[in-house]
Amino acid sequence: MLTFLDFEREVSGGKIRNVYYISAADNYFIQKAGKILREKLFKSNVANENFFLKYADETPMQELFDLTQSGASLFASNKLIIVKRCEKYSRKLTEFLKQSKIPQDDTYILYVFDTSFVNEKKLYKNNELELFDFSELPQKQLYDWVKNEFKIREIEINNDALELFISYLPLSFDIMITEIEKISNYDFGNSHRLLTSDLILHFVGYDKGYSPNELVIAIFSRDKAKAFNILNNLLNSKGLNELYLLAFISNFYFDMLIFKTQGTSKLDSGTLYNKYKLWGDSLKIIKNYHNSFNISSLESSINNILDTDKNMKLSMNNPKILMTSLVEILLNA
């Protein structure tokens, strides 16, 4: 699928489509797209005349199409409409997709679907739709985007810190930009405004040598004393949410399964990111330790992780005790 950067290049180059179909997991690039289009269409990115923001769960489908198929007002030559939560029209999806393609020539529309819905319905396989994916960027473009956002705020970030920043945050541009804003307010004193790995660990609340990555490495290397020392620090000193830590660990085990596919370990980093979303420190850890596990032990570990997840959500058991028991099991797998 095309990305937000493709959208931005098209519009900046003067090619503006009447209809865009967007897959998005958050609002960051939707808001940016709206500002870019308003600047192009109305010569102001804050113009509200003939700009409409609609939500599918609040707007009957026919009412929406009455709006899209009527011309702009006398006070503006164009009309821009952004429609969020279009997955809410799923019961009439065929009719919706058919009618959505026929707006007035002076009307420009962004139809936004939740990424999980796009994946579930495999809308990206619909040859009649050219979807733009605003939920992620290719690895290099993601790294460049983060670096540029720091650069705009007059902060330099080295490569190790960049990988750490990306690996410790969910792939949500709303969350990433919020964290970048927080970091940009840090008082670097008179020193060069350079972000290092140590500073990133400080911002995300971990002590050096006591991060979730270090816990995973200790588990994979069967270092029991170190693993429990780090676990105690994360859960009791840092107050890390047990479900977050469980999800963090589980991602490594599921990604480890990928490396049990013949030929995967020989793939270059670009292919591993584009195909499996593996990059940075996580990829390095998996490459270093995947030969220490066989399929049987991985499957057993994953089953125990899933059981722990269920117990955390459904039982009254102490989540710290559940995490401690799980780490013990994973160390002995």
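Residues numbered from 1 in each chain as written. Predicted model: local features only at pLDDT ≥ 70, side-chain atom pairs only at ≥ 80, totals over all residues. Heavy atoms only, no water.

Visitor: Explain the overall build of the protein chain to me, and be specific about the residues and the numbers.
Guide: When you go through the protein chain residue by residue, the secondary structure sums to 16 helices and eight strands. Taken along the three principal axes of its C-alpha coordinates, the protein chain extends 75 × 55 × 45 Å. Split into buried and exposed, the 333 residues of the protein chain put 47% on the buried side. Taking contacts inside the protein chain between residues at least 6 apart in sequence as the whole, the part at least 24 apart equals 75%. When the accessible surface of the protein chain is split by element, carbon and sulfur atoms take 47% of a total near 17000 Å². For the protein chain, the centre of its 40 positive side-chain charges and the centre of its 42 negative side-chain charges are spaced 3 Å apart. (Helix = DSSP H or I, 4+ residues; strand = E, 2+ residues; numbered from the N terminus. Buried < 20%, exposed > 50% of the residue type's maximum accessible area, 1.4 Å probe, protein only. Contact = heavy atoms within 4.5 Å. Areas by Shrake-Rupley, 256 points an atom, 1.4 Å probe, with all protein chains shown as cover. Lys, Arg positive; Asp, Glu negative; His and termini not counted. Charge placed at Lys NZ, Arg CZ, Asp CG, Glu CD.)

Visitor: Please set out the nonpolar core residue by residue, giving values where relevant.
Guide: Residues Phe-134, Phe-165, Phe-220, Ile-249, Tyr-253 and Met-323 are the most contacted members of the largest nonpolar core, which totals 87 residues. Excluding anything up to four places from it in sequence, Ile-249 contacts Leu-215, Val-216, Ile-219, Ile-305, Met-323 and Leu-330. If you look at the next biggest cluster of nonpolar residues, it comprises 22 residues, including Val-19, Met-61, Tyr-89 and Phe-117. (Core = buried A, V, L, I, M, F, W, Y, C linked by side-chain atoms within 4.5 Å.)

Visitor: Describe the pairing of strand S5 (residues 107-114), listing the residues and the values that go with them.
Guide: With seven of eight residues buried, S5 lies mostly within the body of the structure. Sheet topology note: the strand S2 (residues 19-24)/S5 ladder contains six bridges and is parallel. Bridge assignment links Val-19 to a residue of S5, and that residue is Ile-109. Strand direction decides the pairing type here: strand S4 (residues 79-84) and S5, joined by five bridges, are parallel. Note on S5: the bridge partner recorded for Lys-79 is Thr-107. Traced from S4 through helix H4 (residues 93-99) to S5, the parallel crossover comes out right-handed. (Pairing = 2+ DSSP bridges. Right-handed = clockwise from strand over helix to strand, strands pointing away.)

Visitor: Lay out unusual backbone geometry in plain terms, naming residues and giving numbers.
Guide: Positive phi is not limited to glycine here, since Glu-154 has a value of about 60°. Looking at where Glu-154 falls in the secondary structure, it is placed in the loop between helix H6 (139-152) and strand S7 (156-157). Residue Glu-154 is classed as exposed on the basis of its relative accessible area, which comes to 63%. Positive phi, normally seen in glycine, also occurs at Arg-222, with a value near 60°. Secondary-structure assignment places Arg-222 in the loop between helix H10 (212-220) and helix H11 (224-237).

Visitor: An account of the environment of Asn-48 is requested, with residue identities and associated values reported.
Guide: By the element assignment, Asn-48 lies in the loop between helix H2 (28-42) and strand S3 (51-55). With 108 residues separating them along the chain, Asn-48 and Glu-156 place their C-alpha atoms 36 Å apart.

Visitor: Lay out the sheet that holds S4 in plain terms, naming residues and giving numbers.
Guide: Taking strand neighbours across the sheet as the criterion, the six strands line up as S1-S6-S2-S5-S4-S3 in an open arrangement whose pairing is parallel. Pairing within the sheet leaves two strands with one partner each, and these edge strands are strand S1 (2-3) and S3. Taken together, the three bridges between S2 and strand S6 (residues 131-133) define a ladder with parallel strand orientation. Of the residues in S6, the one forming a bridge with Tyr-21 is Leu-131. Against the sheet, helix H3 (residues 61-68) touches S3, S4 and S5, its axis set at about 150° to S5. (Axes fitted to C-alpha atoms, helices over the stretch in contact; angles between N-to-C directions.)

Visitor: How would you explain the packing of H10 against H11 if you had to name every residue and give the values?
Guide: It is at 8 Å that the axes of H10 and H11 come closest, and there the two elements cross at 155°. On the basis of the axis angle, H10 is roughly antiparallel to H11. Pair H10 / H11 crosses with left-handed handedness. On H11, the residues touching Pro-212, Glu-214, Leu-215, Ala-218 and Ile-219 of H10 are Lys-226, Ala-227, Ile-230, Leu-231 and Leu-234. By residue class, the composition of the contact of H10 with H11 is eight nonpolar, no polar and two charged. (Parallel < 35°, antiparallel > 145°, perpendicular 65-115°, else oblique. Left-handed = near helix turned anticlockwise from the far one by under 90°. Nonpolar A, V, L, I, M, F, W, Y, C, P; charged D, E, K, R; others polar.)

Visitor: Got a sec to walk through the packing of aromatic side chains? Specific residues and values, please.
Guide: Considering all chains together, one arrives at 29 aromatic pairs under this definition. With a centroid separation of 5.7 Å and 20° between ring planes, the pair formed by Tyr-21 and Tyr-111 is classed as stacked. Highlighted residues: Tyr-21 in strand S2 and Tyr-111 in strand S5, separated in sequence by 90 residues. Here Tyr-21 falls in the buried class, since its relative accessible area comes to 6%. (Phe/Tyr/Trp six-rings, centres within 6.5 Å; stacked < 30°, edge-to-face > 60°.)

The values are spatial; any link to function lies outside them.
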